Amino acid sequence: MSYHPLPESIGELEEQVLEAWEVEDTFHRSLELRRDAPEFVFYEGPPTANGRPGVHHLLPRTIKDTVARFRAMTGWHVTRMAGWDTHGLPVEIEAEKMLGISGKPEIEELGIARFNQVCRENLFTYKEDWERLSRRIGYWLDYENAYVTCTPDYIESVWWALAEIHRKGLVYKGYKVLPYCPRCGTGLSSHEVAQGYRVVSEPSVYVKFRLEDDEGGASILSWTTTPWTLPGNVALAVGEDIEYLRVRLREPRDGEGGFPKGASPGEELIVASALAPDVLRHPYDVVQVVPGSDLVGRRYRPLFPGAVEADGDPAAWTVLPADFVTIADGTGVVHTAVMYGEDDFKLGTREGLPMQHTVDPDGRFVDRVPGGLAGRFVKDPDTDQAIIDGLAAEDLLYRRQMYEHSYPHCWRCESPLLYMARDSWYIRTTAVQSRLLENNASVDWHPPEIGSGRMGEWLSGNVDWAVSRDRYWGTPLPIWVCDTDPEHVRVVGSLSDLASLAGGLPDGFDPHRPEIDALVWPCTEKGCDGTAQRVPQVMDAWFDSGSMPFAQWHYPFENEAEFGSHFPAHFIAEGLDQTRGWFYSLLAISTLVLDAPSYRSVIVNGLILDEEGQKMSKSRGNVLDPWETVSEFGADATRFYMLASSNPWLSKKWDCEALKETNRKLFDTLRSTYRFFALYAELEGWDHESSGESPVESLAPIDRWLLSRLDALAGSVRADFEAYDLTRAARRITSFVLDDLSN
């Protein structure tokens, strides 16, 4: 026989292999050959197919395919079901762009039916791109049997999970302060917020709150980094045991410099003693040292009269005690806007403070807010300036300064979030916090510090999951509430239950809005003559993706055996950001519903950064086309570079020169070694088929040495793969090729 010459083009050789796989149906045949083997369970995290894949998607797909192939090659059957994440804001935002509209009012003017139709029509805009890329890089996935999160079967399984959680008494409606996106018009969960923080520089202000009935006309100083919350101020909070100074500003003495703006000589201010040197920029004399308890009950004048209506409310615009006040920064006095902060809201609830929004759902000041602020978007820099100018005009601004801090943004539309009191449906994840921590501790994390650190710390501070979204295209919340008694709540757990309650379902029923919104029935509580109506919200799309271990099988309605043999996963892999995304939702839902972790081992991959060290993102315009990379360097070299360059969990700068070096050193060496072998085999008339296997004792010492090295390599690489140490395995192979095989 003759050994085939290698094509000069890297891509041509890879395409020949891919074509052979397709002709021989290698993937499906490999599954069939392992049909009776033990199952190695792998879960594919579902991407959204209405966005193009980028080069940063190659790393997790390389990790997943490498592990799955290794397990298949060592005797396991590995089901590799693809999945598509088809609900939520990513789909809605693209639909808005296609329709040329923006925001909820325009969606509702268009009509939910039409809007959701456009969402559905554009779910798979780039589905072919994802499938083609998977094929090109050799990532084997079963796309023919992919799970899709918007199908009725999948939705039914999600409903079942929520109904099970409700049956355990862990679903409730709450009015709380939560992160809210004014552009998307919906609240977000804490794990979504964790994915969208940005460092920003914004104005912070020190404000003078003028005490009433004070002989010296003193003002209490308070500091805030969110000037937009000031019109909603209804109280000041102090620490009862904190020491405060009452100071009188004076003219500077010789050598003390000038007298800055923001106050007048003789003016009296109150500030925490420990913070006075940092806060006060005028020369002063101490008039009195007072404990915070002496300030409690003092009244002050509203900054924006009329913004909050509180006629006759004895607690409004008074100084109140609070244990969350510290002297770590600020003035030791916390400005309290009960509708726009978690601590503020709790204090307002305790003290009976007026609870009125000064900001509407679109993030704009309501008409009651004076000073020309009504209708302004609160996070517009011009609005900040208008507030500051208004305070200065009333001599209420002591000082301002730019403040750099980490501020939450919507992880999908990138708008700044507002913390606002809103109605939402919650899952009481705090009730299973100890089990979440136990289940997380049982997971084999790579690297371990992600499990004990980032994930473990996140779970230790776990808050209840705000699971409802005030949106349109999503799994509808299967919650019906009586219009007579809101305590009469029914969580529907299946389509058959829904049909029974609603008197049947039409043929081809689509369990999405608006069709499902029309289903009502008489309240089932004894003696109640009300009507059960569905709440208008849809579910957090992370609940969809976190339900995939059972929903991909339409469990518990069918495929019980399949689910049983595919739970939990032996292995999953995604990016670092998924510790507070998919990793969390998988763990939370399986703990809540099944009291077990849904995965045993995780490889967490870091970010792929551009050459400047910046995260690749569409907004920055620095996302690289994976097709250009694969065309230039080949899929094998790209995959191997990603595994060998550094451990997967370390962020990597995209380095074309390093990729070229991988191709030159390793793959060119392999190609040259093969050509050398083929040439001399041809000259000697030798081939492995006719020659057969030679007894080891008849081999030359160098051949026996090389076989020994190969056997040692195979053992070491297998041990590395068993331990999920893909980088060490890749580097062993590189060393063997360069130091042993080619020499």
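Every value quoted in this text rests on a predicted model; they were computed, and no experiment measured them.

Q: Tell me about the packing of aromatic side chains, residues and numbers included.
A: What the rule picks out here adds up to 33 aromatic pairs. Note on Tyr 3 and Phe 677: the rings are 5.0 Å apart at their centroids and 65 degrees apart in plane angle, and the pair reads as edge-to-face. Remark: Phe 677 occurs in helix α23 (residues 656-684) and Tyr 3 occurs in the segment before α1 (10-24); sequence separation between them is 674 residues. With a relative accessible area of 33%, Phe 677 lands in the partly exposed category. Judged by centre distance (5.7 Å) and plane angle (90 degrees), the rings of Trp 160 and Tyr 555 are edge-to-face. Taken as a pair, Trp 160 in helix α8 (residues 152-167) and Tyr 555 in the loop between α18 (548-551) and α19 (560-565) lie far apart in primary sequence, 395 residues in all. Both residues of the pair, Trp 160 and Tyr 555, belong to the buried class. Grouped by ring-pair contacts, the aromatic residues Trp 160, Phe 550, Tyr 555, Phe 563 and Phe 567 constitute a single cluster. When the ring centre of Tyr 398 is taken as origin, the NZ or CZ atom of Arg 281, which lies over that ring, is 5.9 Å away. Positioned over the ring face of Tyr 407 is Lys 379, at 4.1 Å from the centre of the ring.

Q: Tell me what's going on with the state of the cysteines, and back it up with residues and numbers.
A: In the structure shown here, the tally under the stated rule is zero disulfides. The thiol of Cys 523 is unpaired, and the distance to the nearest cysteine sulfur, on Cys 528, comes to 3.7 Å. Looking at Cys 523, the relative accessible area reads 12%, which means it is buried. Cysteine Cys 528 shares no disulfide, and the gap to the nearest cysteine sulfur, in Cys 482, comes to 3.5 Å.

Q: Before we move on, could you go through unusual backbone geometry and cite the residues and values that matter?
A: Cis peptide bonds are those with omega within 30 degrees of zero, and the linkage from His 446 to Pro 447 qualifies with 5 degrees. Mapped onto the secondary structure, Pro 447 falls in the loop between β15 (444-446) and α15 (448-460). The omega angle of the peptide bond from Phe 567 to Pro 568 is -5 degrees, so this bond is cis rather than trans. Notably, Trp 317 is not glycine yet its phi reads approximately 55 degrees, a positive angle. Mapped onto the elements of the fold, Trp 317 is located in the loop between α11 (292-295) and β11 (318-321). Exposure remark for Trp 317: the relative accessible area of 13% places this residue in the buried category. Phi angles above zero are rare outside glycine, and Asn 559 is one such case at about 60 degrees. Structurally, the position occupied by Asn 559 is in the loop between α18 and α19. Residue Asn 559 is classed as partly exposed on the basis of its relative accessible area of 33%.

Q: Any details on the pairing of strand β24 (residues 601-605)? Residues and values, ideally.
A: Along β24, five of the five residues are buried, which leaves the element largely enclosed by surrounding structure. Sheet analysis places β15 next to β24, joined by three bridges and oriented parallel. Along β24, the bridge assignment pairs His 446 with Ile 603. Pairing of strand β23 (residues 572-575) with β24 involves four bridges; the strand directions are parallel. Paired with Gly 575 across the strands is Asn 605, a residue of β24. As a crossover connection, the stretch from β23 through helix α20 (residues 582-594) into β24 is right-handed.

Q: So, empty space enclosed by the protein: which residues are in play, and what are the values?
A: To locate leftover empty space, one rolls a probe as large as a water molecule over the atoms. This structure, assessed with the given rule, holds five cavities of 30 Å³ or more. Looking at the lining of the largest cavity, the elements with two or more residues in it are α4 (89-99), β22 (538-539) and α17 (541-546). Its residues assigned to classes, the lining of the largest cavity shows nine nonpolar, five polar and seven charged. Of the volumes computed, that of the second largest cavity is approximately 60 Å³. Surrounding the second largest cavity, Val 41, Phe 42, Tyr 43, Glu 44, Thr 79, Met 81, Tyr 147, Met 548, Gln 552, Trp 553 and His 566 form its lining. A breakdown of the residues in the lining of the second largest cavity according to their chemical character gives seven nonpolar, three polar and one charged.

Q: Account for the sheet that holds strand β8 (residues 243-249), naming residues and giving values.
A: Note on sheets: strands pair through backbone hydrogen bonds, and any given pair is parallel or antiparallel. Spatial strand order, β10-β8-β9-β6-β5-β13: six strands in an open sheet with mixed pairing. Pairing within the sheet leaves two strands with one partner each, and these edge strands are β10 (284-291) and β13 (397-408). Neighbour to neighbour, the strand axes of the sheet diverge by 30 degrees on average, direction disregarded. Inspection of the sheet shows β8 paired to strand β9 (residues 268-272) by five bridges, in the antiparallel sense. For Tyr 244, the partnering residue across the bridge sits in β9 and is Ala 272. Together, β5 (197-210) and β13 form the strand contacts of helix α13 (residues 381-393), whose direction differs from that of β13 by roughly 155 degrees.

Q: Kindly report on the sheet that holds strand β4 (residues 186-187), identifying the contributing residues and their values.
A: The strand order across the open sheet built from four strands is β4-β3-β14-β16, with neighbouring strands paired in antiparallel fashion. Edge positions in the open sheet fall to β4 and β16 (465-466), since each of these has one partner strand only.

Q: Which residues make up the side chain of Thr 638, and what values go with them?
A: Mapped onto the fold, Thr 638 is located in helix α22 (residues 635-644). A polar atom in the side chain of Thr 638 sits 2.8 Å from the backbone oxygen of Gly 634. Contact partners of Thr 638, with chain neighbours within four places excluded, come to Leu 58, Thr 629, Phe 633, Trp 654 and Leu 659.

Q: Could you give an account of a nonpolar patch on the surface, naming the residues involved and the relevant values?
A: Among the surface-exposed residues, Phe 676, Leu 679, Tyr 680 and Leu 683 lie close enough to one another that they form a single nonpolar patch of about 460 Å² accessible area. Within the secondary structure layout, Leu 683 lies in helix α23. Using a relative accessible area of 62% as the deciding quantity, one classes Leu 683 as exposed.

Q: Mind laying out the nonpolar core, listing which residues take part and the relevant values?
A: One finds Leu 230, Tyr 244 and Leu 391 to be the most contacted residues of the largest nonpolar core, which totals 72 residues. With five residues, β5 is the largest single contributor of residues to this core. The contacts of Leu 391, once residues within four sequence positions are left out, are Val 207, Leu 230, Leu 303, Phe 304, Leu 396 and Leu 397.

Q: Would you mind going over the pairing of strand β6 (residues 219-224) in detail, with residue names and values included?
A: In terms of burial, β6 is largely enclosed, as six of its six residues are buried. On β6, burial covers both faces: Ser 219, Leu 221 and Trp 223 on one face and Ile 220, Ser 222 and Thr 224 on the other are all buried. Sheet topology places β5 next to β6; six bridges connect them, and they run antiparallel. Paired with Tyr 206 across the bridge in β6 is Trp 223.

Procedures and definitions
Residues numbered from 1 in each chain as written. Predicted model: local features only at pLDDT ≥ 70, side-chain atom pairs only at ≥ 80, totals over all residues. Heavy atoms only, no water. Phe/Tyr/Trp six-rings, centres within 6.5 Å; stacked < 30°, edge-to-face > 60°. Helix = DSSP H or I, 4+ residues; strand = E, 2+ residues; numbered from the N terminus. Buried < 20%, exposed > 50% of the residue type's maximum accessible area, 1.4 Å probe, protein only. Lys NZ or Arg CZ within 6 Å of the ring centre and 35° of its normal. Disulfide = S-S within 2.5 Å. Pairing = 2+ DSSP bridges. Right-handed = clockwise from strand over helix to strand, strands pointing away. 1 Å grid on protein atoms, 1.4 Å probe; cavity = no way out; pocket = protein on both sides within 12 Å on 5 of 7 lines; lining within 4 Å. Points joined across faces, edges and corners; volume = space filled by probe spheres on them. Nonpolar A, V, L, I, M, F, W, Y, C, P; charged D, E, K, R; others polar. Axes fitted to C-alpha atoms, helices over the stretch in contact; angles between N-to-C directions. Contact = heavy atoms within 4.5 Å. Polar contact = N/O pair within 3.5 Å; in protein donor to acceptor, adjacent residues only side chain to side chain. Patch = residues over 30% accessible without salt bridge, like charges linked within 9 Å, V, L, I, M, F, W, Y side chains within 5 Å. Areas by Shrake-Rupley, 256 points an atom, 1.4 Å probe, with all protein chains shown as cover. Salt bridge = Lys/Arg side-chain N within 4 Å of Asp/Glu carboxyl O. Core = buried A, V, L, I, M, F, W, Y, C linked by side-chain atoms within 4.5 Å.

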